[in-house]
Amino acid sequence: VQLVESGGGLVQPGGSLRLSCAASGFTFSNYAMSWYRQAPGKERELVATIRSAGDYTDYADSVKGRFTISRDNLKNTVILQMNSLKPEDAAVYYCNARWRPFMKTYDYWGQGTQVTVSS
């Protein structure tokens, strides 16, 4: 199983970044996909989630209206489009795959990609 994030980097406040997570080694279309982030000294927090079919999304209040999560079940990819970035968005962003069939939980994480927002 692999989740490989890409697209992080340095951006000025107000700018945009597009994070991508490429999945392999499991049945991607079964899994809800999420992006989490963790800033230094802070707990990891949920940023955005998309259901397995892509028919439902949810966002942390802090990113609503600025971030958009999407997925392509044919390409086994999940995207986080981040607009109007703020310094407080700086963190390591992690891709997560989760499936909970019949009281079991299958949970996979990527290695993370750094997002820095600074002028």
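Before reading on, note that the structure itself is shown above.
Residues numbered from 1 in each chain as written. Predicted model: local features only at pLDDT ≥ 70, side-chain atom pairs only at ≥ 80, totals over all residues. Heavy atoms only, no water.

Concerning the pattern of salt bridges
Side-chain pairing between opposite charges can occur once the charged atoms of the two side chains come close.
Piece 1. If you walk through the whole model with that rule in mind, you get five salt bridges.
Piece 2. Of the charged contacts in the structure, one is a salt bridge between Arg66 and Asp89, with a shortest N-O distance of 2.7 Å. Here Arg66, found in the loop between β6 (57–59) and β7 (67–72), pairs with Asp89, found in the loop between β8 (77–82) and β9 (91–99); they are 23 residues apart in sequence, far enough to count as distant.
Piece 3. On the basis of relative accessible area, Asp89 is assigned to the buried category, the value being 0%. (Salt bridge = Lys/Arg side-chain N within 4 Å of Asp/Glu carboxyl O. Helix = DSSP H or I, 4+ residues; strand = E, 2+ residues; numbered from the N terminus. Buried < 20%, exposed > 50% of the residue type's maximum accessible area, 1.4 Å probe, protein only.)

Thoughts on the state of the cysteines
Piece 1. Counting across every chain of the model gives one disulfide.
Piece 2. Each sulfur of the disulfide joining Cys21 and Cys95 lies 2.1 Å from the other. Across the S-S bond of Cys21 and Cys95 the torsion is about -80°, and the bridge reads as left-handed. On the criterion of sequence distance, the pair formed by Cys21 in strand β3 (residues 17–24) and Cys95 in strand β9 is long-range, its members being 74 residues apart. (Disulfide = S-S within 2.5 Å.)

Description of the environment of Ser34
Piece 1. Considering the arrangement of structural elements, one finds Ser34 in strand β4 (residues 32–38).
Piece 2. Sequence separation of Ser34 and Ala97 is 63 residues, and the distance between their C-alpha atoms is 6.5 Å.
Piece 3. If we skip the residues at most four places from it in the chain, Ser34 touches Leu46, Ala48, Thr49, Ile69, Tyr94, Cys95 and Asn96.
Piece 4. A distance of 2.9 Å separates the side chain of Ser34 from the side chain of Thr49, its partner in a polar contact. (Contact = heavy atoms within 4.5 Å. Polar contact = N/O pair within 3.5 Å; in protein donor to acceptor, adjacent residues only side chain to side chain.)

Thoughts on the sheet that holds strand β1 (residues 2–6)
Two orientations exist for strands paired in a sheet by backbone hydrogen bonds: parallel and antiparallel.
Piece 1. Judged by pairing direction, the sheet is antiparallel, and its four strands sit side by side in the order β1-β3-β8-β7 without closing on themselves. Strands with a single pairing partner mark the edges of an open sheet, and in this sheet they are β1 and β7. Neighbour to neighbour, the strand axes of the sheet diverge by 15° on average, direction disregarded.
Piece 2. Strand direction decides the pairing type here: β7 and β8, joined by six bridges, are antiparallel. Bridge assignment links Asp72 to a residue of β8, and that residue is Thr77. (Pairing = 2+ DSSP bridges. Axes fitted to C-alpha atoms, helices over the stretch in contact; angles between N-to-C directions.)

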